[in-house]
Amino acid sequence: MKRTGRCNECGGTDIRTTTVDAGGGYAPDLLPRTHSWWKTGKLEVYVCCTCGYFQFFVPVDALDEVAQSEKFETLNES
Ligand SMILES: [Zn+2]
């Protein structure tokens, strides 16, 4: 969706995006150990305005922190 500009579910092209807080503090932290305790991680949200399907993406500039975080396990060893 992010790369193709097209909805994975319905094929629609009316895709909207914004950036939201990834939680922490009193809310679940979706990006643990990828940011300082005094600030929250960010997630990009992509919503299909045709069918409502949505996806989260970690911003590219935060991917190194996810890769370094011991809170994230590696699924496929490279
Ligand atoms: Zn859709």
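Here, the structure is the one placed above.
Residues numbered from 1 in each chain as written. Predicted model: local features only at pLDDT ≥ 70, side-chain atom pairs only at ≥ 80, totals over all residues. Heavy atoms only, no water.

K.L.:
Sorry, what's going on with the sheet that holds strand E3 (residues 54–57) here?
P.N.:
Sheet strands line up and pair through hydrogen bonds in the backbone, either parallel or antiparallel. Spatial strand order, E1-E2-E3: three strands in an open sheet with antiparallel pairing. The open sheet is flanked by strand E1 (15–21) and E3, the only strands paired with a single partner. Neighbour-to-neighbour, the strand axes of this sheet turn through a mean angle of 25 degrees, independent of strand direction. Where E1 lies against strand E2 (residues 42–48), seven bridges are found, and the strand directions are antiparallel. Within E2, the residue paired with Val20 across the bridge is Leu43. (Pairing = 2+ DSSP bridges. Helix = DSSP H or I, 4+ residues; strand = E, 2+ residues; numbered from the N terminus. Axes fitted to C-alpha atoms, helices over the stretch in contact; angles between N-to-C directions.)

K.L.:
Explain the pairing of E2 to me, please; I cannot follow it from the model alone.
P.N.:
If a strand is regular, its side chains alternate between the two faces of the sheet. Buried residues dominate E2, accounting for five of its seven residues. Both E2 and E3 contribute to a ladder of four bridges, which runs antiparallel. Within E3, the position partnered with Glu44 by the bridge is Phe57. Between E2 and E3, which pair antiparallel one after the other, the connecting turn spans five residues, and Gly52 there sits at a positive phi close to 95 degrees. (Buried < 20%, exposed > 50% of the residue type's maximum accessible area, 1.4 Å probe, protein only.)

K.L.:
Looking at this structure, I do not really get the coordination of the zinc ion. What am I missing?
P.N.:
In a perfect tetrahedron of four donors around a metal, the angles come out at 109.5 degrees. In a perfect octahedron of six, they are 90 or 180 degrees. Every protein donor of the zinc ion is accounted for by Cys7 (SG), Cys10 (SG), Cys48 (SG) and Cys51 (SG), and the metal-donor separations fall at 2.3 to 2.4 Å. What the four donor atoms of the zinc ion show is an angle range of 105 to 114 degrees at the metal, which sorts the shape as tetrahedral. Between consecutive donor residues of the zinc ion, the sequence gaps follow C-x2-C-x37-C-x2-C. Of the two residues, Cys7 is situated in the segment before E1 and Cys51 in the loop between E2 and E3; the sequence distance between them amounts to 44 residues. (Donors = N, O, S within 2.8 Å, 3.2 Å for Na, K, Ca; no water. Tetrahedral: all angles 85-135°; square planar, octahedral: opposite > 155°, others 65-115°.)

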